[in-house]
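Residues per chain are reported as follows:
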Amino acid sequence: AQNVSKTAEGAFTGEISVNQVADMGVEWVLVGHSERRALYGETDEDTATKVEMGMKKGLNVMLAIGEQLSERQDGTTVDVCARQIKAVISKVTDWSKFSIAYEPVWAIGTGVV
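Scope of this entry: the structure provided in the associated data block. Note that this is a predicted model, so its numbers are computed, not measured.

Cut-offs applied
Residues numbered from 1 in each chain as written. Predicted model: local features only at pLDDT ≥ 70, side-chain atom pairs only at ≥ 80, totals over all residues. Heavy atoms only, no water. Pairing = 2+ DSSP bridges. Helix = DSSP H or I, 4+ residues; strand = E, 2+ residues; numbered from the N terminus. Axes fitted to C-alpha atoms, helices over the stretch in contact; angles between N-to-C directions. Phe/Tyr/Trp six-rings, centres within 6.5 Å; stacked < 30°, edge-to-face > 60°. Buried < 20%, exposed > 50% of the residue type's maximum accessible area, 1.4 Å probe, protein only. Lys NZ or Arg CZ within 6 Å of the ring centre and 35° of its normal.

### A short note on the sheet that holds strand S1 (residues 28-31)
Item 1. Here three strands make up an open sheet; going across it, the order is S1-S2-S3 and the pairing parallel. On the outer flanks of this sheet lie S1 and strand S3 (98-102), each paired with one strand and no other. Averaged over all pairs of adjacent strands, the angle between strand axes in this sheet comes to 25 degrees, irrespective of strand direction.
Item 2. Taken together, the five bridges between strand S2 (residues 60-65) and S3 define a ladder with parallel strand orientation. What sits directly across from Met 62, in S3, is Ser 99.

The following block contains the structure:
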């Protein structure tokens with residue numbers, strides 16, 4: 001699943017819970033995607049909550065990390081990615097079910113190399 005809700009079941013129109021994802025037989029969830037962070041204001045704390053919920057449900061969780069162009073230009077790539085990872089480390093209960101996908105946000109469709 002490309003995303004899961006940071007809430008459990010309830011009246012959250014448009015959201016899908018980890019329980020619903022698991023019930024459908026989906027084994028992997030992606031959290032922390034740059035579009036979720038940029039367009040929906042999801043924070044590192046939100047991402048950590050989603051990691052925790054996915055882990056508790058026994059799902060494989062892929063964490064997307066990456067920096068904006070301005071952060072790359074400022075030389076803070078490592079700091080940004082480290083912050084995003086540090087926010088979730090304490091929520092990972094099974095490292096065999098956890099992956100990190102590095103996605104430099106500035107490289108998506110910009111033509112910048």
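### Structural notes on the packing of aromatic side chains
Item 1. Summed over all chains, the structure comprises one aromatic pair.
Item 2. Considering the side-chain rings of Trp 95 and Phe 98, the 5.4 Å spacing of their centres and the 85 degrees angle between planes classify their relative orientation as edge-to-face.
Item 3. Given a relative accessible area of 9%, Phe 98 falls into the buried group.
Item 4. Above the ring of Tyr 40, the side-chain terminus of Arg 36 is found at 4.3 Å from the ring centroid.
Item 5. Sitting over the ring of Trp 106, Arg 72 keeps its end group 4.0 Å from the ring centre.

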